[in-house]
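One-letter residues, chain by chain:
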Amino acid sequence: MDYKETYEAWLSNPYFDEETKKELRDIAGDDKEIKERFYADLEFGTAGLRGIIGAGTNRMNVYTVRKATQGLANYIIGQKAQDKGVAIAYDSRRMSPEFADEAACCLAANGIKAFVFETLRPTPELSFAVRELGCISGINITASHNPPEYNGYKVYWEDGAQITPPHDAGIMDEVKAVTDYATVKTMSKEEAVKAGLYKSIGAEIDDRYMEELKKNVLHPNCIKKASDDLKIVYTPLHGTGNLPVRRILKELGFKHVFVVPEQELPDGEFPTVSYPNPEAAEAFELALKLAKEKDADLVLATDPDADRLGVYVKDTKSGEYICLTGNMSGSFLADYEIGQKLELEGSLPEDGELIKTVVTSNMVDAIAKHYGIKVTECLTGFKWIGKEILRMETTGKGHYLFGFEESYGCLIGTHARDKDAIVASMALCEAAAYYKLRGKTIWDAMLEMYEKYGYYKDDVIAITHKGLEGLAKIKSIMDSLRENPPMAFGKYQVLATRDYEKDIIRDVKTGETKPTGIPKSNVLYFELTDDAWLCVRPSGTEPKIKIYFGVVGDSLDNAQQKSEELAGVVKELLEQLG
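Residues numbered from 1 in each chain as written. Predicted model: local features only at pLDDT ≥ 70, side-chain atom pairs only at ≥ 80, totals over all residues. Heavy atoms only, no water.

(A) Structural view of the overall build of the chain. When its secondary structure is counted, the chain shows 19 helices and 23 strands. Scaling as 2.2 N^0.38, a compact globule of 578 residues should have a C-alpha radius of gyration of about 25 Å, and the chain matches this with 24 Å. When the backbone C-alpha atoms are referred to their principal axes, the chain occupies close to 70 × 55 × 50 Å. By the burial criterion, 58% of the 578 residues in the chain qualify as buried. Sequence-distant contacts, at least 24 apart, represent 69% of the contacts inside the chain between residues at least 6 apart. Accessible surface computed for the chain: about 23400 Å², of which carbon and sulfur atoms make up 49%. (Helix = DSSP H or I, 4+ residues; strand = E, 2+ residues; numbered from the N terminus. Rg over C-alpha atoms; globule rule 2.2 N^0.38 Å. Buried < 20%, exposed > 50% of the residue type's maximum accessible area, 1.4 Å probe, protein only. Contact = heavy atoms within 4.5 Å. Areas by Shrake-Rupley, 256 points an atom, 1.4 Å probe, with all protein chains shown as cover.)

Given below as structure tokens:
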């Protein structure tokens, strides 16, 4: 059927409820909107679903959630793992509780027990719960930092990480095989509870999660000594971080934690921000205002599902608050965690590994070289870092020390297998206490890092291309760069190209090729002269194409100048490509 026929089928099929049909009748004269909603099924990608909430096959609604869950249930049954159950969490977005219950009731109708958090919880706690409860899988209803009209459906496997090969392809195939919505199994919540297939979880898992976080504290005495003077401002951006962040900081002894009142309570409309993303300066406006009133040492913001952390730190010399990018905060925490473990224990594991993604700062390599540990590189997406941890566990080779990606996400410890803004908040506050006792701020420590490792400056340019036309535009840009790769970006010559989709690294000078050594993905990477680099990839979660790049200078100003020059070259290239 074409999109118009599918639209008409939804209107006439008694399976779909009257509210859904009314929404569809309201767009009867808008062919473009009908096409956007019905030209395809909402794609179940390698992490699950993410899309605009609304009626239609290409939207997030109870029917697409049920269909995805039926496919997941079929895969679990095929793996003979239905007795292990599935953990389910959700965030503060519109329809999140409803989608969580729809997923649970579909699983129950398939004979699979669902462990559902009684109220909203952060993503890392869902990852922890999957492992703690011994579940075969997990579902998290969240669209992370997307705008309010979005929601999503992330799938996890038994190791606590988002699905990776072979499970991702297996589940995707099962979801695609569900072609008739009316064949999807479901039952009422009351029936599921009565049958023992729907179990609410909450406080007990919270307590266990908190205890695991506390195991990663390195300097509890520093917290106690500095707690009277250290001031922290925090905002959960209307999301799930409020209770767990405040709880862990309070239980560790931080006395002065000020929460932005306008952004404290969960609200799926995100009324104080247009884009609830800790990468966006707008998200920090209220927090920085409060920080200046309280003379705070650092300012923290977690995204709606609390897996990503944004940070501003005070520069006491200028009195200004300085934004730490994901690369900066991740590099800082990597150096702090690894350096302090070395200081406390006297040595590091001989097979210690620091994990980064292909678009993460080259400062990571300098840090690893300093400590004599291995850098392991993986694809973008924290599930690949989780897969590396699993590889270490199953082979007995390698010791996880730290892992992070540039998009404001890291993991300290192995209690979870996704990025964890709760443990990152805890660690940054501890580091602030550690340096405060030494008469330094986190910014002072960052400047010392730059002097030690080099003035690395990394950035990203994201261009939005929405809808069907947008997808075609992104594909066209990637195809053009793949077929006719530039040999220079401004003053930087290309030394080597990496095409992760074709699994080829090519030395430009010699023409020699070798495999990338990591799974295939639609990513192009250019190694440049002067230790610079550039990488292009479509976003996996938003209608955007992203261009990441990094330089290294001999001072902050020099690195900033180099970065701006390369950014100008990138923007010019994108204009040429349309």
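Right, picking up where we left off after that structure.
(B) Representation of the sheet that holds strand β14 (residues 399–405) within the structure. Here four strands make up an open sheet; going across it, the order is β13-β12-β14-β15 and the pairing mixed. Strand pairing shows two members of the sheet lacking a second neighbour, β13 (374–378) and β15 (409–411), which therefore form its edges. Going across the sheet, the axis of each strand differs from the next one's by a mean of 20°, ignoring polarity. Of the pairings in the sheet, the one linking strand β12 (residues 352–357) to β14 comprises five bridges and is parallel in character. Bridging from a neighbouring strand, G352 pairs with H399 of β14. Running at roughly 165° to β14, helix α13 (residues 326–345) makes contact with β12, β14 and β15 of the sheet. (Pairing = 2+ DSSP bridges. Axes fitted to C-alpha atoms, helices over the stretch in contact; angles between N-to-C directions.)

(C) Inspection of helix α4 (residues 62–78) at higher detail. For α4, spanning 17 residues, the distance from its first C-alpha to its last is 24 Å, which sits close to the expected 24 Å at 1.5 Å a residue. In this structure N61 caps α4, since a side-chain oxygen of it lies 3.0 Å from the backbone nitrogen of Y63. Just downstream of α4, K80 is the residue with a positive phi angle, here 55°. (Expected span 1.5 Å × (residues − 1). Polar contact = N/O pair within 3.5 Å; in protein donor to acceptor, adjacent residues only side chain to side chain.)

(D) The pairing of strand β7 (residues 231–235), seen in detail. Most of β7 is tucked away, with four of its five residues classed as buried. One ladder, built from four bridges, connects β7 with strand β8 (residues 256–259); its direction is parallel. Residue pairing in the sheet places V233 in a bridge with F258 of β8. Handedness of the β-α-β unit built from β7, helix α11 (residues 242–252) and β8 comes out right-handed. (Right-handed = clockwise from strand over helix to strand, strands pointing away.)

(E) Geometry of the packing of aromatic side chains. Evaluation of the coordinates by the stated rule reveals 22 aromatic pairs. For the pair W10 and Y181, a centre-to-centre distance of 5.5 Å together with 80° between the ring planes defines the contact as edge-to-face. Taken together, the residues span a long stretch of sequence, with W10 in helix α1 (residues 3–12) and Y181 in the loop between α7 (167–177) and α8 (189–194) at a distance of 171 residues. On the basis of relative accessibility, which here comes to 3%, the residue W10 falls in the buried class. Geometrically, the ring pair formed by F44 and Y153 is edge-to-face, given 6.4 Å between the ring centres and 65° between the ring planes. (Phe/Tyr/Trp six-rings, centres within 6.5 Å; stacked < 30°, edge-to-face > 60°.)

(F) Main features of unusual backbone geometry. Between P165 and P166 the backbone carries a cis peptide bond, its omega angle lying at 0°. Topologically, P166 is positioned in the loop between β5 (150–157) and α7. Although it is not a glycine, K80 sits at a positive phi angle of roughly 55°. Tracing the chain through its elements places K80 in the loop between α4 and β2 (86–90). Positive phi, normally seen in glycine, also occurs at F270, with a value near 45°. The topology assignment puts F270 in the loop between β8 and α12 (285–294).

(G) Focus on the sheet that holds strand β11 (residues 321–324). Reading across the sheet, the five strands line up as β8-β7-β9-β10-β11 and stay open at both edges, with mixed pairing between neighbours. Each edge of the open sheet is held by one strand with a lone partner, namely β8 and β11. Geometrically, the sheet is characterised by an average inter-axis angle of 25° between neighbouring strands, direction not taken into account. Where β7 meets strand β9 (residues 298–302), four bridges bridge the pair, whose relative direction is parallel. Within β9, the position partnered with I232 by the bridge is L298. Against the sheet, α11 makes contact with β7, β8 and β9, and its axis sits at roughly 170° relative to β8, the strand it touches most. Contacting β7, β8, β9, β10 (309–314) and β11, α12 runs over the sheet at an angle of about 160° to β7.

(H) Structural context of the pattern of salt bridges. Enumeration according to the criterion identifies 46 salt bridges in this entry. Two residues, R391 and E388, come together in a salt bridge whose shortest N-O distance is 2.6 Å. Placement of the pair is R391 and E388 together in helix α15 (residues 382–395), with a separation of three residues, close to one helical turn. Assessed through its relative accessible area of 26%, R391 is described here as partly exposed. With relative accessibility at 17%, the residue E388 sits in the buried group. Between E527 and R498 there is a salt bridge, and its shortest N-O distance comes to 3.0 Å. In this pair, E527 sits in strand β21 (residues 524–528) while R498 sits in strand β18 (residues 492–499), placing the two residues 29 residues apart along the sequence. Overlapping salt bridges bring together K154, D305, D307, E405, D418 and K419 as one network. (Salt bridge = Lys/Arg side-chain N within 4 Å of Asp/Glu carboxyl O.)

(I) The arrangement of helix α2 (residues 18–25) in detail. Residues of α2 that are buried include every one of T20, K21 and L24, and no others. Angular distribution of buried residues about the axis of α2 spans 95°; they occupy a single face of the element. The inward-facing, buried residues of α2 contact α1, α3 (31–38) and α4. (Arc of directions from axis to C-beta.)

(J) Layout of the packing of α11 against helix α16 (residues 421–436). One way to put it is that α11 packs onto α16 with a least axis distance of 9 Å and a crossing angle of 35°. Handedness of the crossing formed by α11 with α16: right-handed. For the pair formed by α11 and α16, the contact residues are P244, V245, I248, L249 and L252 on the first element and I422, S425, M426 and C429 on the second. Looking at the contact of α11 with α16 residue by residue, the class counts come to eight nonpolar, one polar and no charged. (Left-handed = near helix turned anticlockwise from the far one by under 90°. Nonpolar A, V, L, I, M, F, W, Y, C, P; charged D, E, K, R; others polar.)

(K) Structural detail: the side chain of H167. Looking at where H167 falls in the secondary structure, it is placed in helix α7. In this structure H167 comes out as buried when scored by relative accessible area, which is 18%. If we ignore the near neighbours within four places in the chain, the residues touching H167 are Y75, Q79 and W157.

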